[in-house]
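# Reading the structure
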Amino acid sequence: MAAATGGDKPPLYQQVKHELLAAIAAGEYAPGRPFVTQREICERFNVSHATAVRALNDLANEGYVVRRRGQGTFVADRSPVAPSPDRTIACVLQNQGPHVGQILTGIEEICADLGYRLFLNHCENDPAREEKVLWGALEHQVSGIIVYPAEGSVAIAPYAEARRRGVPLVMVDRYRPDLVADAVVADNMAVGRELTRALIESGHRTIATLWDEIDVTSIRDRLAGHVQALREHDIPVRPDLTVLRRYRDQPTEARRAMLSELLRGGQPPTVLLCSNGYALAMVAQDLVALGLEVPGDIDLACMDDAGPFDVLPLTAAAISLPARDMGRQAMTLLHQRVIGTAAETQLVVLPVTIQTRQSSVGYMRISRLEQGAS
């Protein structure tokens, strides 16, 4: 680790402390076992003894490690916080909409069945707000936590603290590969793979992907499934078509310029594969503004049905996610953790459903002059 430079980076000892917290959260150092020594910190991170001491002091002061005279430094034993009498669950979600709403409905159903109260927070995809809410949940001594991680979230400390205290935590819809925690997700590899197979079987061989979020496991798994299906059918993986590019975050003119350039290429795509219903709605609006018809000039497909309207009538194919079941299973797993009956850390992967235009009751045709069912 090189010395920190620039005003945006935290002090070096805090960088070391952050990485050591990540190691604790990932289970590299078990509670009650010897922790890394000052000398090992100096060698591993190429820092001075003063930096190592300050990082260890912070960890000790915050209760992550304990010092035993004559023995060394040890990872703090888990000291589970007794659940509050009313058995409260903290639920940390991102944004709002039909998909998140269905996840929450599933969670609420199981909470009601099992007698838990729900402490709900929507964090609007803000990692800093998510971290603050997690600390608040721990301060309120909740029985457990369900979290839908924000895009780009790198917070370590509250997760490490939950692990230290023995407060069970289950992630839903997506997971953090840098943390050891239970998670309940849709089969996102299958989302990309099966949807791409269906498009290929319907005659599409040039498929462009357009994304909303990009720095989450669900999206990266979908891209991997999409690439797998292309390779299975000996279709070249073109970087200009498969790149993880944000679409919704772009200004209107930039989006439409990007779309025009994509469709003017030597081998333009015949279908635009959108990451969710919100991206699809924006793409459809931009295509109309560019004077193109759907599905006459270009077709659309959608990797999930999260969006402002029913995406199926507008698409050649779309995936329906088991959002409600994800919520139910996440809460069920959390309850098993609370009462101590769950086994080792689990990643629960739920199947998805693909629907095509042929299986839909109808479809939409959109153009500059008309927008209606046909």
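Residues numbered from 1 in each chain as written. Predicted model: local features only at pLDDT ≥ 70, side-chain atom pairs only at ≥ 80, totals over all residues. Heavy atoms only, no water.

Time to look at the nonpolar core. Inside soluble globular proteins, nonpolar side chains tend to come together where they are buried. Among the nonpolar cores identified, the biggest contains 46 residues, and Val 184, Leu 199 and Met 331 are the most heavily contacted of them. For Met 331, the residues in contact, after removing those within four places along its chain, are Ile 89, Ile 107, Ile 110, Cys 111, Tyr 116 and Ile 146. Listed in part, the 41 residues of the second largest apolar core include Leu 56, Ala 162, Val 167 and Ala 183. (Core = buried A, V, L, I, M, F, W, Y, C linked by side-chain atoms within 4.5 Å. Buried < 20%, exposed > 50% of the residue type's maximum accessible area, 1.4 Å probe, protein only. Contact = heavy atoms within 4.5 Å.)

So, on to the confidence of the model for the chain. Across the chain, the average pLDDT comes to 86, with 89% of residues at or above 70. Within the model, pLDDT remains below 50 along residues 2-7, and this stretch shows six contacts once partners closer than five positions in the same chain are excluded. Here residues 80-85 is a poorly scored stretch, pLDDT under 50, and it has eight contacts once near neighbours within four places are set aside; other chains count. (pLDDT = per-residue confidence, 0-100.)

Within helix α6 (residues 157-165), eight of the nine residues are buried, leaving the element largely enclosed by the surrounding structure. Within the sequence span of α6, burial applies to Ala 157, Pro 158, Tyr 159, Ala 160, Glu 161, Ala 162, Arg 164 and Arg 165. Lining the buried residues of α6 we find α1 (12-25), α5 (127-139), β5 (144-147) and β6 (169-172). Trailing α6 by a residue or two, Gly 166 shows a phi angle of about 80°, which is positive. (Helix = DSSP H or I, 4+ residues; strand = E, 2+ residues; numbered from the N terminus.)

For the rest of this paragraph, the subject is the sheet that holds strand β12 (residues 347-350). Picture the strands of a sheet paired through backbone hydrogen bonds; they go either parallel or antiparallel. Taking strand neighbours across the sheet as the criterion, the six strands line up as β4-β3-β5-β6-β7-β12 in an open arrangement whose pairing is parallel. With partners counted over all chains shown, the strands left at the sheet margins are β4 (117-122) and β12, one partner each. Pairs of neighbouring strands in the sheet enclose a mean axial angle of 15°, with direction left out of account. Helix-sheet contacts for helix α4 (residues 98-114) involve β3 (88-93), β4, β5 and β6, and the interaxial angle to β4 is about 165°. (Pairing = 2+ DSSP bridges. Axes fitted to C-alpha atoms, helices over the stretch in contact; angles between N-to-C directions.)

What follows concerns the packing of aromatic side chains. For the structure on display, the rule yields one aromatic pair. For the pair Tyr 29 and Phe 35, a centre-to-centre distance of 4.9 Å together with 70° between the ring planes defines the contact as edge-to-face. For the pair shown, Tyr 29 and Phe 35 are each scored as buried. Positioned above the aromatic ring of Tyr 13, the side-chain terminus of Arg 54 is 3.9 Å from the ring centre. Across the ring face of Phe 74, the terminal group of Arg 68 is positioned such that the distance to the ring centre comes to 4.2 Å. (Phe/Tyr/Trp six-rings, centres within 6.5 Å; stacked < 30°, edge-to-face > 60°. Lys NZ or Arg CZ within 6 Å of the ring centre and 35° of its normal.)

Right, let's talk about the sheet that holds strand β9 (residues 271-274) for a bit. Read across the sheet, five strands follow the order β8-β9-β10-β11-β13 without closing on themselves; strand pairing throughout is mixed. The sheet is open, and its two borders are formed by β8 (207-210) and β13 (353-356), each paired with just one other strand. Each neighbouring strand pair of the sheet contributes to a mean axis angle of 25°, computed without reference to strand direction. Together, β8, β9, β10 (299-302), β11 (317-320) and β13 form the strand contacts of helix α7 (residues 188-201), whose direction differs from that of β11 by roughly 155°.

Scanning all chains against the criterion turns up 19 salt bridges. For Arg 197, the salt bridge goes to Glu 194, with nearest N and O atoms at 2.8 Å. Taken together, the positions of Arg 197 and Glu 194, both in helix α7 and three residues apart, correspond to about one turn of that helix. Residue Arg 248 pairs with Asp 212 through a salt bridge whose shortest N-O separation is 2.8 Å. Here Arg 248, found in the loop between α9 (239-242) and α10 (252-263), pairs with Asp 212, found in the loop between β8 and α8 (217-232); they are 36 residues apart in sequence, far enough to count as distant. Exposure remark for Arg 248: the relative accessible area of 31% places this residue in the partly exposed category. (Salt bridge = Lys/Arg side-chain N within 4 Å of Asp/Glu carboxyl O.)

On to unusual backbone geometry. Most of the time, phi is negative for any residue but glycine, and the peptide bond is trans. Following Val 294, the chain continues into Pro 295 via a peptide bond in cis, with omega recorded as 10°. With respect to the element layout, Pro 295 can be found in the loop between α11 (277-289) and β10. You will see that Asp 173, though not glycine, has its phi angle at about 75°, which is positive. Looking at the secondary structure, you find Asp 173 in the loop between β6 and β7 (182-186).

Contact geometry for α4 and helix α12 (residues 323-339): axes closest at 6 Å, N-to-C directions at 40°. Viewed along their axes, α4 and α12 adopt a mutual orientation that is oblique. Crossing angle aside, the handedness with which α4 passes α12 is right-handed. Judged by residue contacts, His 99, Gln 102, Ile 103, Thr 105, Gly 106, Ile 107, Glu 109, Ile 110, Cys 111 and Leu 114 of α4 engage Ala 323, Arg 324, Met 326, Gly 327, Arg 328, Met 331, Thr 332 and His 335 from α12. Among the residues making up the contact of α4 with α12, the classes are represented as eight nonpolar, seven polar and three charged. (Parallel < 35°, antiparallel > 145°, perpendicular 65-115°, else oblique. Left-handed = near helix turned anticlockwise from the far one by under 90°. Nonpolar A, V, L, I, M, F, W, Y, C, P; charged D, E, K, R; others polar.)

Where strand β1 (residues 65-68) lies against strand β2 (residues 72-75), four bridges are found, and the strand directions are antiparallel. Within β2, the position partnered with Val 65 by the bridge is Val 75. Here β1 hands over to β2 after three residues, with Gly 70 in that stretch at a positive phi of 80°.

Our next topic: the environment of His 233. Residue position: His 233 is located in the loop between α8 and α9. His 233 gets classed as partly exposed once you look at its relative accessible area, which sits at 29%. As for His 233 and Glu 201, which are separated by 32 residues in sequence, their C-alpha atoms are 9.9 Å apart. For His 233, the residues in contact, after removing those within four places along its chain, are Arg 197, Ile 200 and Arg 205. Here the side chain of His 233 touches Ala 229 through a polar contact of 2.9 Å, landing on its backbone oxygen. (Polar contact = N/O pair within 3.5 Å; in protein donor to acceptor, adjacent residues only side chain to side chain.)

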